[in-house]
Amino acid sequence: MMDLGGGDRLLPRLPLHLGSLDHLGPVEAGPRPRASSVPLAPPTYSVGYVYDAAMMSHSPDEGDEHPEQPQRIVAVHNMLLKHGCLGAMKRLPFRRVQREAVLLVHTEQHWRMVLALKCKCRGQSSPILT
C-alpha cells in the first residue's frame with residue numbers, strides 16, 4: 001500500500017511492469033488516426049450568401065422594376081441549389097444590416113437613399129434596417 005498524503009487514505013500499488021510490446025510490430029511515424037466524423041480540415045469559403053423566408057416580405061409596388069423581388073430571390077436560390085453551388089458557399093445568418101457593413105460594399109449616398117425609403121414607409125417596419 002502507498003500513502004498519498006491524505007492521512008488514512010491508502011491506495012494499492014499497481015504493477016509498473018507491462019511486459020514487452022514487441023509483438024505489436026514496429027511503430028511507424030505518421031499522422032495519428034482520427035475518427036471518421038472529424039473533418040480533415042475545416043471548410044474554407046470564399047463566397048457567402050444570405051437566404052431567409054423574411055426576404056420574401058420585400059414587395060415592391062406593382063409595376064416597380066426593382067431587382068430585389070421575392071420571385072427573383074427564389075429563382076436565384078433555386079438555380080444555385082440545382083447546380084450544386086450552395087455546398088461551396090457559406091450560409092450567413094439573416095440579421096439586421098448595420099451601416100458599417102453596408103458601407104463595405106455601397107456608398108454613403110446609397111445608405112442614405114435606403115434610409116429615405118424606409119422613412120417613406122413608416123407604416124411598415126423593415127426587418128433588416130437598423
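These numbers were taken from a predicted model, which means no experiment stands behind them.

Describe the overall build of the protein chain, naming the residues involved and giving the relevant values.
Looking only at helices and strands, the protein chain has three helices and four strands in total. Counting every position in the protein chain, which comprises 130 residues, the buried fraction comes to 8%. Relative to all contacts within the protein chain whose residues are 6 or more apart in sequence, the contacts with residues 24 or more apart total 48%. A total of about 11,700 Å² of accessible surface is found on the protein chain, and carbon and sulfur atoms cover 59% of it.

Describe the nonpolar core, and please don't skip the residues or the numbers.
Ranked by size, the top nonpolar core spans five residues in total: Tyr49, Tyr51, Ile73, Leu86 and Met89. With sequence-adjacent residues up to four places away left out, tyrosine 49 is seen in contact with His77, Leu86, Met89, Lys90, Arg91 and Leu92.

Outline helix α1 (residues 70-82), listing residues and values.
The end-to-end C-alpha separation of α1 is 18 Å, in line with the 18 Å expected for 13 residues at 1.5 Å each. Inspection of α1 places Pro70, Ile73 and His77 among the buried residues, and these make up the whole buried set. What you see down the axis of α1 is that its buried residues fit within an arc of 70 degrees, all on one side. Residues of α1 that are exposed and point over 90 degrees away from its buried face: Gln71 and Lys82.

How would you explain the pattern of salt bridges if you had to name every residue and give the values?
Pairing between side chains becomes possible if they bear opposite charge and their charged atoms approach one another. Summed over all chains, the structure comprises two salt bridges. As a salt-bridge pair, glutamate 108 and arginine 112 come within 3.0 Å of each other at their nearest N and O atoms. Linking glutamate 108 with arginine 112, this pair stays in helix α3 (residues 108-120), spanning four residues, or about one helical turn. Given the relative accessible area of 25%, glutamate 108 is considered partly exposed. Judged by relative accessible area, which is 55%, arginine 112 ranks as exposed. When salt bridges that share partners are traced, they join Arg99, Glu108 and Arg112 into one network.

What counts and how
- Residues numbered from 1 in each chain as written.
- Predicted model: local features only at pLDDT ≥ 70, side-chain atom pairs only at ≥ 80, totals over all residues.
- Heavy atoms only, no water.
- Helix = DSSP H or I, 4+ residues; strand = E, 2+ residues; numbered from the N terminus.
- Buried < 20%, exposed > 50% of the residue type's maximum accessible area, 1.4 Å probe, protein only.
- Contact = heavy atoms within 4.5 Å.
- Areas by Shrake-Rupley, 256 points an atom, 1.4 Å probe, with all protein chains shown as cover.
- Core = buried A, V, L, I, M, F, W, Y, C linked by side-chain atoms within 4.5 Å.
- Expected span 1.5 Å × (residues − 1).
- Arc of directions from axis to C-beta.
- Salt bridge = Lys/Arg side-chain N within 4 Å of Asp/Glu carboxyl O.

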